[in-house]
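Coordinate inspection notes
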Amino acid sequence: MAAETTQDQTNPTDAPDAGQVRTGREGLVGLENEPGVAKPDPIVVATGIMRQFGGLKAVDVDHLEIQRGVITALIGPNGAGKTTFFNLLTGFDTPDSGDRTFNGRSLKRMSASRIARMGMVRTFQLTKVLSKLTVLENMRLGATGQIGERFWAGVLPFLWRGQEAANTERARDLLARFKLDAKEGDFAGSLSGGQRKLLEMARALMVEPELVMLDEPMAGVNPALKQSLLGHVKSLREDGMTVLFVEHDMDMVRDISDWVVVMAAGRVIAEGPPDSIMSDQRVIDAYLGAHHDTDITQLDAEAVMAEAEAELREEEQS
Amino acid sequence: MDLLTIPLHDAFAPLAVSFVLAAMGLNIHYGYTGLLNFGQAAFAAVGAYAMGVAIASFDVPFIPAVILGVLFSVLLALLMGIPTLRLRADYLAIVTIAVAEVLRLFFTTTNKDYFHARDGVSGFTSGFRNANPYSEGMLGFSRNDLWVMTVGWLLVAFFCLLTWLLVRSPWGRVLKSIREDEDAVRSLGKNVYYYKLQALILGGVIGAFGGFVGALGLASVQPDSYNLDFTFIAFTMLILGGAARVLSPVVGAVLFWGLLSFLQTLLSKLIGEWGVIPDSILNSEQIGNVRFMVVGLSLMLLMIYRPQGIFGDKKELAIDGR
Amino acid sequence: MVKSRPLAVLAALLVAVLTLGIAVGASPARADDEDESERTLTAQLEDSASGNTPVEGVEITVTTSDGDEFTGTTDADGLVEIVFTSPAGTPVTVSLDEDTLPEGAQLRPGTKTELTVSSTLSTISVDFAIGPDNRDVETKLDRIPGAIYNGLLFGLVMAMAALGLSMIFGTTGLTNFAHGELVTLGAVCTYLLNVAAGIPFLLAVPMTVVVALGFGWLQNRILWAPLRHRGTGLIAMMIVTIGLQFLMRNFFAYITGSRTELYDDFTSPTGKDFAGLFTYTGRDLAVAAVSIAVLTVVLLALSYTRLGRATRAVADNPALAASSGINVDRVISIVWVVGTALAALAGAFLAFQLGITYQIGQLVLLLLFAAVTVGGLGSVWGALIGSLIIGVLIELSTLVIPTDLKNAGALALLIVILLVRPQGILGRRERIG
């Protein structure tokens, strides 16, 4: 609800002559492959974002704009600062300096939850499904503006039953779309890695976001599920949402993204459409600098394997 | 025979009710939200002192005095929660344990005209006792005790119902989710900090009611009733019953309080009447220490071997240990 | 196998501690009760309002640690002499009954009607000031150097315990709520060796450190290491530390009872004046020197030895440390051993200021938490700096708030720090969230 109103309010002011602005994918045509290039209809604008850990500059982004209504991929070698940048955009970490705007509103001093309510919802590299809640309860948790989540109303079920039923219906629709409907009564902890990714994505949609941020949606997902996940990501764009995702899987990047942003050593070194960006000298240098004599695609396979193994280890420990 | 009757008696007495309520508050904190409050005694103390001093020194009527006690416990929750609830779980634990100790020092050493140091506050029960419908005592309880117990157990029932309703509501769903993974909840647009603060306040207020019942039962409020022992006994009771179940603190508290009373009776008999244990190993002063050593050991062993409590099923372990 | 381990270890731990306690501690402590000595208290009351005239007919009461009371009244010279018996080595309370003061005579503002005397001399003299203060008035300003001196001394000793707490947190992530009891362990163990077994203090302290080294190893071996290997969560482990704290504290209470004991040696050193600023004693200097030496050795070892660097690597990133060939388990074991010994050594020294009581741990725990949080949880230098700050702060705070409440100052600082800079002075932002 809140997100929609913001959109309604900001769009006209941002673009008084909306007919002239090249929205969505159209807006990306003919843009220069330069880092920080201005987009005709940006949903997110980051300026001068810096974050240091100890003496190390993890993220140092001068300027970056994300076009509304398209799928943007964020790639880069390991340790490039992609996830940190993600955390900074979504309020899970605060930059030492610089600011970012969402729909023209500054996100300075805004909490992660507030940013999520504004319509910028993320998933996590290591999925954060709530394993001791059922799949359906996980989904219900995602709904915003719940009356029953207020303390006093919580005690009086008749106040929130109706809304809960409506949320449940929406949740079931989404679960059906993500083919998780058969599992709605199971504990989320019993799902496979890929199913968790799907659940997390479906749960994020319960928030009714404008911008969905996916942190490595393919990591640890078995190949059979990958195609359907790709389809789901694409369908988000068809539904009018903007998608920003971090990924190591170059096939996925090539397959579904409209625009690719490349980070290395904390900086955005290049951006552009997927077909031309892979051959950009700066991108090749960045990857070669990180891993000598490795072909990009091969490197990605290794990275994915490593990530998957790391995740497996993590799951074993838990 | 005393070995059975005394513990049974004690397990339902006013003091036990006060621990039941304290443990129920901790259940909201730790059981449902994952907050580590090691200073539940502070909530009980602040509630009891506010009520006691308001009546004894300022002639406030009983009900407004209770409301005052509740307000003070809310203030205390804000004082401890605001600086810590954005941080790691340890910080709340550190601050609560510290505040509880400092408050005890404060009640012991300052404002002696109102707090009366170690002697404590007394002379605040008449308003409550005048409403006593019982004309005589029974089952070994005095008529005052019976009245305190009636009100106390009704409070327990009320808070059980409240907890039951809350944990089944979307509000409770948010709490349980916070316990499992704060960041996930945050990413869905919920203000985690705000919910944690609400949980801290609710559990603290229930703890304050524990303070009221204890104070009315003893007819006095003494600083040493609210030392760390109070909190840790309540914690052990909660873990024994199995956290994150509505009735577990009740069952755990009655059982554990009965057990402690049994141990007290048994040890007194062993060194006194029966003379089995010589005075050089255990004298009557040391019985308390031995009982509390058992509390500490029980808490450790429960947490290591049965974190889900005696009735819990490990598979659907409600509390994630990590 | 794995399951039965922690229980076995616990049992062993308990037995070890119990044997130590019962064998050396319990009986002699009680034997002291019979070992009562006859002592004398003298006091002379003069009223400075009327040119130091004697004050007659004032009732003075001596209360021994057993609760026995002995009362006397001042004579025409303002003198009173009370003969009393009390258990050796325990403090007595001397109180003046204000109602018996003659018309016109008033206690000097700030003079307490009750004094606790821990002197073990056979004749004790006390003073209750009556009338206005005509001497060279000691202002609050004059007390500042003394407060800073005492605070630094206290902070130095406490830093040893704080260092252990911080190292354990750094390497394992565990906040050890039983750390205060390790401090008590040092005090009680030294007391048992010194007073019950009659071993000179200078020998008892190293023996205590050895006992603590063993206890540190044992508790890691039977409790923490098995729990870590089972993958027990940190919150659960924190609750276990609370249980252990409770167990140990009540065990110490079982040994010492509610009494506050003193060592046989070095209980009343002679004070020397330093440039008119504060009073110091040889004992203070020795304690400070040992503390500084120990802290220096530990800090140097952390910076320059292989093991020290390994410890810092584990604190930084355990997974990375493990994959680079560091034996993380061994490092953590050594941290427990060293941390326990440091805490016990601090306890042996702190007992001079606090007396030997089972309540040391609870009191010190609060200050330790304040110190490591202010300095930065997990930072070794932070633990040192935080301890000194807290030590000085609580002593200075006695200039404005009642001495009984001085620890509240530490708590207030703790809360302020959490509000403005939760990572502490030297901590890192990443650790707190």
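Rules and cut-offs
- Numbers given for residues are sequential positions, taken from 1 along each chain in its written order.
- Chains carry letters and ligands carry numbers; both start at the beginning, A for chains and 1 for ligands, and go up in the order they are written.
- Local features in this predicted model are restricted to residues whose pLDDT is 70 or higher, and side-chain atom pairs enter the listing and the counts only when it is 80 or higher, whereas totals over whole chains, interfaces and linings include all residues.
- No hydrogens and no water enter the side-chain calculation; it runs on all heavy atoms of the structure.
- By definition in these notes, contact holds between two residues if any of their heavy atoms fall within 4.5 Å.
- Accessible-area loss on putting two parts together, using a 1.4 Å probe and summing over both, is the definition of buried area adopted here.
- By salt bridge we mean one thing: a side-chain nitrogen of Lys or Arg within 4 Å of a carboxyl oxygen of Asp or Glu.
- Residues adjacent in sequence count toward polar contacts only when both atoms are side-chain atoms; beyond that, a polar contact is any pair of N or O atoms within 3.5 Å, and within protein one must be able to donate a hydrogen and the other to accept it.
- The secondary structure listing takes helices from DSSP runs of H or I that are at least 4 residues long and strands from runs of E that are at least 2 residues long, numbered from the N terminus.
- Only protein chains enter the calculation, and the probe is 1.4 Å; a residue is then buried if its accessible area is under 20% of its type maximum, exposed if over 50%, and partly exposed in between.
- By this definition, two strands are paired if DSSP reports at least two bridges between them.
- Angles run from 0 to 180 degrees between N-to-C directions of axes, and those axes are lines fitted to C-alpha atoms, restricted for helices to the stretch in contact.
- Site definitions follow a grid-based scheme: protein atoms alone, a 1 Å grid, a 1.4 Å probe that fits but cannot get out for cavities, and for pockets an open set with protein on both sides within 12 Å along at least five of seven lines, plus lining residues having an atom within 4 Å of a point.
- Grid points are joined across faces, edges and corners, and a volume is the space filled by probe spheres set on the points.
- Any residue that is not Ala, Val, Leu, Ile, Met, Phe, Trp, Tyr, Cys, Pro, Asp, Glu, Lys or Arg is counted as polar, Gly included; the first ten are nonpolar and the last four charged.
- Take the number of residues in a helix, subtract one, and multiply by 1.5 Å to get its expected span.
- A clockwise course of the path from the first strand over the helix to the second, judged with the strands pointing away from the viewer, identifies a crossover as right-handed.
- A patch consists of residues exposed above 30% relative accessible area that lack any salt bridge, with like charges linked at up to 9 Å and nonpolar side chains (Val, Leu, Ile, Met, Phe, Trp, Tyr) linked at up to 5 Å.
- Surface accessibility in these figures is a Shrake-Rupley result with a 1.4 Å probe; residues are shielded only by whichever protein chains are displayed.
- Only four residue types enter the tally: Lys and Arg on the positive side, Asp and Glu on the negative side; His and the chain ends are excluded.
- Charge placement uses NZ in Lys and CZ in Arg. For Asp and Glu, CG and CD serve respectively.
- A score between 0 and 100, pLDDT records how confident the predictor is in each residue.
- Put simply, two rings from Phe, Tyr or Trp (the six-membered ring, in Trp's case) pair if the centres are within 6.5 Å, and we call them stacked under 30 degrees between planes, edge-to-face over 60, tilted for the rest.
- In this scheme, the term charge over a ring applies when either NZ of a lysine or CZ of an arginine sits within 6 Å of the ring centre and within 35 degrees of the ring normal.

Glancing now at the interface of chain A and chain B. Opposite the 35 residues of chain A that make contact, chain B presents 29 residues. Looking only at chain A, the three residues that lose the most surface to chain B are K132, E149 and F151 of chain A, adding up to 25% of its buried area. Applying the counting rule to chain A against chain B returns four salt bridges. In this structure, the connection of chain A to chain B is made through 12 residue pairs in polar contact (both at pLDDT 80 or more). Elements that contribute at least two residues to the side of chain A that touches chain B include exactly α3 (112-118), β6 (120-122), α4 (135-142), α5 (151-154), α6 (157-177) and α7 (193-206) of chain A.

Turning our attention to the side chain of K128 of chain A. When you line up the elements, K128 of chain A lands in the loop between β6 and α4. For K128 of chain A, a relative accessible area of 18% translates into the label buried. One polar contact links K128 of chain A to D181 of chain B, side chain to side chain, over a distance of 3.3 Å. Setting aside residues up to four positions removed in sequence, K128 of chain A forms contacts with E200 and R203 of chain A together with D181, D183 and A184 of chain B.

Glancing now at unusual backbone geometry. Notably, E208 of chain A is not glycine yet its phi reads approximately 60 degrees, a positive angle. The exposure class assigned to E208 of chain A is partly exposed, which follows from its relative accessible area of 35%.

Let us now look at the environment of L89 of chain A. Residues and elements named next belong to chain A. Summarising the element assignment, L89 is placed in helix α2 (residues 82-90). C-alpha separation for the pair L89 and I75, spaced 14 residues apart in sequence, amounts to 16 Å. Beyond its immediate stretch of four places on either side in the chain, L89 contacts V44, A46, R100, L107, I115, M120, M213 and L244.

A word on the sheet that holds strand β10 (residues 267-272) of chain A. Residues and elements named next belong to chain A. The strand order β6-β7-β8-β3-β9-β10 describes an open sheet built from six strands, whose pairing is mixed. Edge positions in the sheet fall to β6 and β10, since each has one partner strand and no second. On average, each strand axis in the sheet is tilted by 20 degrees relative to the strand beside it, whichever way the strands run. The strands that α2 touches are β3 (71-75), β6, β7 (211-215), β8 (242-246) and β9 (259-264); relative to β7, the one it contacts most, it runs at about 150 degrees. Strands β3, β7 and β8 of the sheet are contacted by helix α8 (residues 223-238), whose axis makes an angle of about 130 degrees with β3.

Residues and elements named next belong to chain A. In space, the four strands of this open sheet follow the order β2-β1-β4-β5, with antiparallel pairing throughout. Strand pairing shows two members of the sheet lacking a second neighbour, β2 (56-67) and β5 (105-106), which therefore form its edges. The pairing of strand β1 (residues 42-53) with β2 spans 10 bridges and is antiparallel. Bridging across to β2, F53 finds its partner in L56. Sheet strands in contact with α2 are β1, β2 and β4 (97-102), and its direction is about 120 degrees off that of β1.

This part takes up empty space enclosed by the protein. Inspection of the entire model under this criterion finds three cavities of 30 Å³ or more. There is about 40 Å³ of room inside the second largest cavity. Lining the second largest cavity are I97, A98, E101 and L228 of chain B together with Q362, L365 and L366 of chain C. Where the lining of the second largest cavity is concerned, the elements lending two or more residues are α5 (89-109) of chain B together with α10 (360-375) of chain C. Here the lining of the second largest cavity is built from residues that sort into five nonpolar, one polar and one charged.

With that settled, consider the interface of chain C and chain B. Accessible area lost upon the coming together of the parts serves often as the stated size of an interface. Taken together, the contacts link 55 residues of chain C with 50 residues of chain B. When the two sides are added together, the surface that chain C and chain B hide from each other amounts to roughly 4,800 Å², 74% of it contributed by carbon and sulfur. A per-residue breakdown of the area chain C buries against chain B is headed by I239, F246 and Y254 of chain C, which together make up 15% of the total. The interface formed by chain C and chain B contains one salt bridge.

The next point concerns the environment of A219 of chain B. Residues and elements named next belong to chain B. Mapped onto the elements of the fold, A219 is located in the loop between α11 (192-218) and β2 (220-221). Judged by relative accessible area, which is 22%, A219 ranks as partly exposed. Considered as a pair, A219 and N144 are 75 residues apart in the sequence and their alpha carbons are 9.7 Å apart. In this structure A219 touches V121, S122, G123, F124, T125 and R129, once residues within four positions along its chain are discounted.

Further remarks concern α11 of chain B. Residues and elements named next belong to chain B. If you check α11, its first and last C-alpha atoms are 39 Å apart, about what 27 residues at 1.5 Å a residue would give, namely 39 Å. Among the 27 residues of α11, 23 are classified as buried, and the element is accordingly described as predominantly covered. Looking one or two residues past α11, A219 carries a phi angle of roughly 60 degrees, positive in sign.

Another aspect to go through is the pairing of β8 of chain A. Residue and element names in this part refer to chain A. β8 sits mainly inside the fold: five of its five residues count as buried. Both faces of β8 are covered, namely the face carrying T242, L244 and V246 and the face carrying V243 and F245. The pairing of β3 with β8 spans four bridges and is parallel. Bridging from a neighbouring strand, T72 pairs with L244 of β8. Where β7 and β8 come together, five bridges link them in parallel fashion. Along β8, the bridge assignment pairs V212 with V243. Between the parallel pair β7 and β8, the chain is carried across by α8, and the sense of this crossover is right-handed.

On to a positive patch on the surface. Together, R306, R309, R312 and R330 of chain C make up a positively charged patch on the protein surface. Tracing the chain through its elements places R309 of chain C in helix α7 (residues 306-316).

Right, let's talk about the confidence of the model for chain B for a bit. All names here are of chain B. For chain B, per-residue confidence averages 87 on the pLDDT scale, and residues scoring 70 or more make up 96% of the total. Of all secondary-structure elements in chain B, the lowest mean pLDDT belongs to helix α1 (residues 2-12), at 81, while α11 reaches the highest, 94. Ignoring residues within four places in sequence, the model shows residues 315-322, a span with pLDDT below 50, making 24 contacts including any to other chains. For this predicted complex, the interface confidence reaches an ipTM of 0.84, while the overall pTM sits at 0.79.

What follows concerns the packing of aromatic side chains. Here the structure, examined in full by the defined rule, presents 33 aromatic pairs over all chains. Seen from their ring centres, F92 of chain A and F124 of chain A are 5.5 Å apart, and the 85 degrees between their planes marks the pair as edge-to-face. With F92 of chain A in the loop between α2 and β4 and F124 of chain A in the loop between β6 and α4, the pair connects residues that are 32 residues apart, well separated along the chain. In this structure F124 of chain A comes out as buried when scored by relative accessible area, which is 7%. Here F107 of chain B and F115 of chain B contribute two aromatic rings whose centre-to-centre distance is 4.9 Å and whose plane-to-plane angle is 85 degrees, an arrangement assigned as edge-to-face. Look at F107 of chain B and you get buried, because its relative accessible area is 6%. Under the relative-accessibility criterion, F115 of chain B is labelled buried at 11%. Chaining the aromatic ring pairs together yields one cluster made of Y30, F38, F232, F235 and F292 of chain B together with F177, F246 and F369 of chain C. The ring of F92 of chain A has R122 of chain A sitting right over it, with the charged end atom 5.0 Å from the ring centre. Between R161 of chain A and the ring centre of W160 of chain A, over which it is positioned, the NZ or CZ distance is 5.9 Å.

Residue and element names in this part refer to chain B. Positionally, F62 belongs in helix α4 (residues 62-84). Remark: the alpha-carbon pair of F62 and S126, spanning 64 residues in sequence, is separated by 8.8 Å. In this view, F62 contacts M51, I55, F128 and L216; residues no more than four positions away in its chain are not counted.

Two side chains of opposite charge can pair, provided their charged atoms sit close to one another. Applying the stated criterion across every chain, the model contains 33 salt bridges over all chains. A salt bridge links R267 of chain A to D62 of chain A; the shortest N-O distance between them is 3.4 Å. One end of the pair, R267 of chain A, is in strand β10; the other, D62 of chain A, is in strand β2, with 205 residues separating them in the sequence. Here K406 of chain C ties to E395 of chain C by a salt bridge, and the two come within 3.5 Å at their closest N and O atoms. Of this pair, K406 of chain C sits in helix α12 (residues 406-420) while E395 of chain C is found in helix α11 (residues 380-397), placing the two residues 11 residues apart along the sequence. Ionic contacts of the salt-bridge type, sharing partners, join the residues K57, D60, D62 and R267 of chain A into one network.

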